[in-house]
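Observations on chain architecture
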Amino acid sequence: MGSIEKMVAHAVGIARDDSHGYSWADRWNVDRDCSSLMYDSADAGGFPVGRGADRTRYTGTMLADFTAAGFEAIPFSNVGLGGLMRGDVLLNTRHHTEMYIGGGQMVGAHIAETGDVYGAPGDQTGNEISVCAAYVYWAGWEWVLRPRNDESEDDDMRPADVWEYDYKGSAPGGNMYNCMLGMNAKLDALTAAVEVLADAKGVDSKAVVKAVDKAVRDKLAKIKVSVSQ
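Everything numeric here is computed off the predicted structure, so don't read it as measured data.

Things to note about the confidence of the model for the chain
Low pLDDT marks stretches whose predicted atomic positions should not be read closely. Overall, the prediction assigns the chain a mean pLDDT of 83, with 76% of residues at 70 or greater. Overall, residues 153-174 carries pLDDT values under 50, and its contacts beyond four positions in sequence, including any with other chains, amount to 27 contacts.

Next up, the structure:
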């Protein structure tokens, strides 16, 4: 099995390096097109998709190649943009493919600077290969190819990694530690509000806060939490 983080990092790295542009003529060398970027990135992440070894791979071969490499094929209609997970590969088998990287963003190879599929080497516009807001392709997405992450990655995480984890591609300062600080501040404000209301009603505010705290803790104890990237 492969690494979702390595796959995503490779795709984003290509997008941020303007020496790589969009071109069918050089799609397996320095430049990329939409499908060769996905093959190349999955391969870099350790998923054995073939990386276009015979240079005939394209969007029409991705469904078979990626599912054979361990990706789960889910109809896009069952997921929608709101159900995407980091590392999901969106696919229209006839036209286009991109990768969802979290935080409402995708990365993909879009078009050459000529507005066609052939252009000069490298990214001339900054948008030939780029990160953009997640969208529904004009011809529709047919499939979400969802990678199965290597569980051994979790074994390497330290407590500090969890606190510093950039939750779902959030903005700087959006790591788990700062999220918890924000939650604690809201809970403190809620406690103060409950005490004020209880005093106004002439009841024991301490007893009310204690009862609310117990009710919340009982509810939280019944919630099953899973973390996905």
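Now that the structure has been shown, the text picks up again.
What about the side chain of serine 35?
Note that serine 35 resides in helix α2 (residues 34-44). On the basis of relative accessibility, which here comes to 1%, the residue serine 35 falls in the buried class. At 2.8 Å, the side chain of serine 35 and the side chain of arginine 27 are in polar contact. Ignoring sequence-local partners within four residues, the contact set of serine 35 consists of Arg27, Arg57, Tyr58, Thr59, Met62 and Thr97.

Concerning the pattern of salt bridges
All told, the structure shown has 5 salt bridges when counted by the stated rule. Linking arginine 32 and aspartate 40 is a salt bridge whose minimum nitrogen-to-oxygen distance equals 2.9 Å. No difference in accessibility class separates arginine 32 from aspartate 40, as the two residues are buried. A salt bridge links arginine 57 to aspartate 65; its shortest N-O distance comes to 2.7 Å. For the pair formed by arginine 57 and aspartate 65, the shared burial category is buried.

Quick notes on the side chain of glutamate 98
Along the chain, the position of glutamate 98 falls in strand β3 (residues 96-102). We note that glutamate 98 is buried and unpaired, the nearest opposite charge coming from arginine 86 at a distance of 13 Å. Side-chain polar atoms of glutamate 98 contact the side chain of histidine 96, separated by 2.9 Å. A distance of 2.8 Å separates the side chain of glutamate 98 from the side chain of tyrosine 135, its partner in a polar contact.

What about the pairing of strand β4 (residues 105-109)?
Consecutive side chains of a regular strand alternate in pointing toward one face of the sheet and then the other. Of all 5 residues in β4, 4 are buried; the element is thus mostly enclosed. As judged from the 3 bridges shared by β3 and β4, these two strands associate in the antiparallel manner. Bridging from a neighbouring strand, glycine 102 pairs with glutamine 105 of β4. Count of turn residues in the β3/β4 antiparallel hairpin: 2 residues, of which glycine 103 carries a positive phi of about 65°. Of the pairings in the sheet, the one linking β4 to strand β5 (residues 129-133) comprises 5 bridges and is antiparallel in character. The partner of methionine 106 across the bridge, within β5, is cysteine 132.

Some thoughts on the packing of helix α1 (residues 4-16) against α2
Angle between the axes and distance between the axes: these two values describe a pair of packed helices. Two elements in contact, α1 and α2, have axes whose closest approach is 7 Å; the angle formed by their N-to-C orientations is 135°. Judged by the inter-axis angle, α1 sits oblique to α2. In the packing of α1 onto α2, the handedness of the crossing is right-handed. Contacts between α1 and α2 involve Lys6, Met7, His10, Ala11 and Ile14 from the first element and Leu37, Asp40, Ser41, Ala42 and Ala44 from the second. Taken together, the residues that form the contact of α1 with α2 break down as 6 nonpolar, 2 polar and 2 charged.

A word on α1
With 13 residues, α1 should reach 18 Å at 1.5 Å per residue; the first-to-last C-alpha distance of 18 Å fits that figure. Within the span of α1, buried status applies to Ile4, Met7, Val8, Ala11, Val12, Ile14 and Ala15. Along the long axis of α1, the arc covered by the buried residues comes to 155°, so they all point the same way. Of the exposed residues in α1, the ones pointing more than 90 degrees away from its buried face are Lys6 and Arg16.

Quick word on the packing of α2 against helix α3 (residues 59-68)
At a closest axis distance of 9 Å, the pairing of α2 and α3 adopts a crossing angle of 25°. The angle between α2 and α3 falls in the class roughly parallel. The interaxial crossing formed by α2 with α3 has left-handed handedness. For the pair formed by α2 and α3, the contact residues are Cys34, Ser35, Met38, Tyr39 and Ala42 on the first element and Thr59, Thr61, Met62, Asp65 and Phe66 on the second.

What counts, and where the lines are drawn
Residues numbered from 1 in each chain as written. Predicted model: local features only at pLDDT ≥ 70, side-chain atom pairs only at ≥ 80, totals over all residues. Heavy atoms only, no water. pLDDT = per-residue confidence, 0-100. Contact = heavy atoms within 4.5 Å. Helix = DSSP H or I, 4+ residues; strand = E, 2+ residues; numbered from the N terminus. Buried < 20%, exposed > 50% of the residue type's maximum accessible area, 1.4 Å probe, protein only. Polar contact = N/O pair within 3.5 Å; in protein donor to acceptor, adjacent residues only side chain to side chain. Salt bridge = Lys/Arg side-chain N within 4 Å of Asp/Glu carboxyl O. Lys, Arg positive; Asp, Glu negative; His and termini not counted. Pairing = 2+ DSSP bridges. Axes fitted to C-alpha atoms, helices over the stretch in contact; angles between N-to-C directions. Parallel < 35°, antiparallel > 145°, perpendicular 65-115°, else oblique. Left-handed = near helix turned anticlockwise from the far one by under 90°. Nonpolar A, V, L, I, M, F, W, Y, C, P; charged D, E, K, R; others polar. Expected span 1.5 Å × (residues − 1). Arc of directions from axis to C-beta.

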